[in-house]
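# Chain and residue survey
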Amino acid sequence: MVARYFHAALTLHMKRAQDKVVIITGGASGIGRVSALRFAAEGATVVIWDIDAARAEATCAEIAAQGGQAVAAVVNTTQPEQVAAAAQAVHDQFGRIDVLINNAGITRDATLRKMTLAQWQQVLDVNLTGVFICTQAVAPFMEAQGSGRIINTSSVVGLYGNFGQANYAATKAGLIGLTKTLARELGKYSITVNAVAPGFIATDMIDSIPEKVIDMLKSRTPLRRLGTPEDIASAYLFLASDEAGFISGAVLSVDGAVTI
Ligand code: NAD
């Protein structure tokens, strides 16, 4: 009994990402921003890679105000040379890279007839190729240290499609194949690779959806609400934690059961 209380007390004081160096792409807004705040509160050194310098700096300032540690770099995840230099800079500054959260993503919605090749290509570049580029740049550092966590942000749309989102759905489904393949390739270095598939989450990304559609989405979700960025940050934190050490190649749906 005493041992149990002691263990509980110890757990209460232990931060879940203590001393981990965590890169979050797209950490300037939405899910990425909230995740950056959460990881920093759990003791991580957070590195934000985003194209939005002002919002990335604002997130770092918020983290610093709470006593956490974070740095931001303007990185376009679709640019291999920028990403490689940024990964090297993180390693030079902090000596290791423990977690890569491939969270940056965009939408350019249109139905098949109206979707331009540019819209198709932009979404593929950011949501899929960008994840490949970041992972290829960071994985060698994890391989050398013999540990690492890579978390890719898929979507329920990658599992069951969505009207007007052929490009987005293709990328989010593609990430699942990428995740499973890299889980196989990188497992021997004790690197886990997992995906999180959020349902509809209240962020800027879904701001343009009409109120009526939001109500319909809520009513079709068994838990009867939209997700929050905190719900997704919790899933990232779990997959990055020591408790998730034997979970790899998994797709964790965080969607209020909308996909069952
Ligand atoms: P958001 O638009 O609020 O944030 C995305 C961030 O990515 C922004 O800060 C943006 O500047 C950054 N970004 C865009 N292109 C970039 C690039 N090339 N390089 C670096 N940074 C770039 O979006 P969000 O809602 O927080 O979504 C985060 C992730 O979650 C995305 O991958 C998205 O597809 C996924 N997701 C979101 C929802 C949702 O309902 N919001 C649902 C499922 C999945």
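Quick caveat, the model's predicted, so the values are computed rather than measured.

## Comments concerning the environment of G27
- With respect to the secondary-structure elements, G27 resides in the loop between strand 1 (21-25) and helix 2 (30-41).
- Take G27: there are 32 C-beta atoms within 10 Å of it, and that puts it in the buried class.
- In this structure, the C-alpha to C-alpha distance between G27 and M115, residues 88 residues apart in sequence, is 28 Å.
- For G27, the contacting residues outside a window of four places in its chain are G32, R33, S35, A36, I48, W49, D50, A56, T59 and N103.

## Structural notes on the UniProt feature "domain: Ketoreductase" (unreviewed entry) in the protein chain
- UniProt annotation of "domain: Ketoreductase" (unreviewed entry) refers to residues 20-199 when read in the numbering used here.
- Span residues 20-199 is 53% helix and 19% strand, its end C-alpha atoms 27 Å apart.

## Focus: the site of the ligand
- Inspection of the region around the ligand gives 30 residues, with G26, G30, G105, T203 and M205 positioned closest.
- Broken down by secondary-structure element, the contributors of at least two residues to the shell around the ligand are helix 2, strand 2 (45-50) and helix 5 (117-145).
- Broken down by element, the shell around the ligand gets its largest block of residues, three residues, from helix 2.
- Here the residues of the shell around the ligand sort into 13 nonpolar, 14 polar and three charged.

## A few points about unusual backbone geometry
- For D19, which is not a glycine, the phi torsion comes out positive at approximately 65 degrees.
- Of note, D19 is situated in the loop between helix 1 (2-13) and strand 1.
- Taking the C-beta count within 10 Å as the criterion, D19 has 11 such neighbours and is therefore assigned exposed.
- Phi at S190 takes a positive value of approximately 60 degrees, unusual for a residue other than glycine.
- By the element assignment, S190 lies in the loop between helix 7 (166-186) and strand 6 (191-198).

Rules of the game
Residues numbered from 1 in each chain as written. Predicted model: local features only at pLDDT ≥ 70, side-chain atom pairs only at ≥ 80, totals over all residues. Helix = DSSP H or I, 4+ residues; strand = E, 2+ residues; numbered from the N terminus. Buried ≥ 20, exposed ≤ 12 C-beta atoms within 10 Å, placed from the backbone. Contact = placed C-beta atoms within 7 Å. UniProt positions renumbered as here; feature names shortened; annotations may be inferred. Near = placed C-beta within 6 Å. Nonpolar A, V, L, I, M, F, W, Y, C, P; charged D, E, K, R; others polar.

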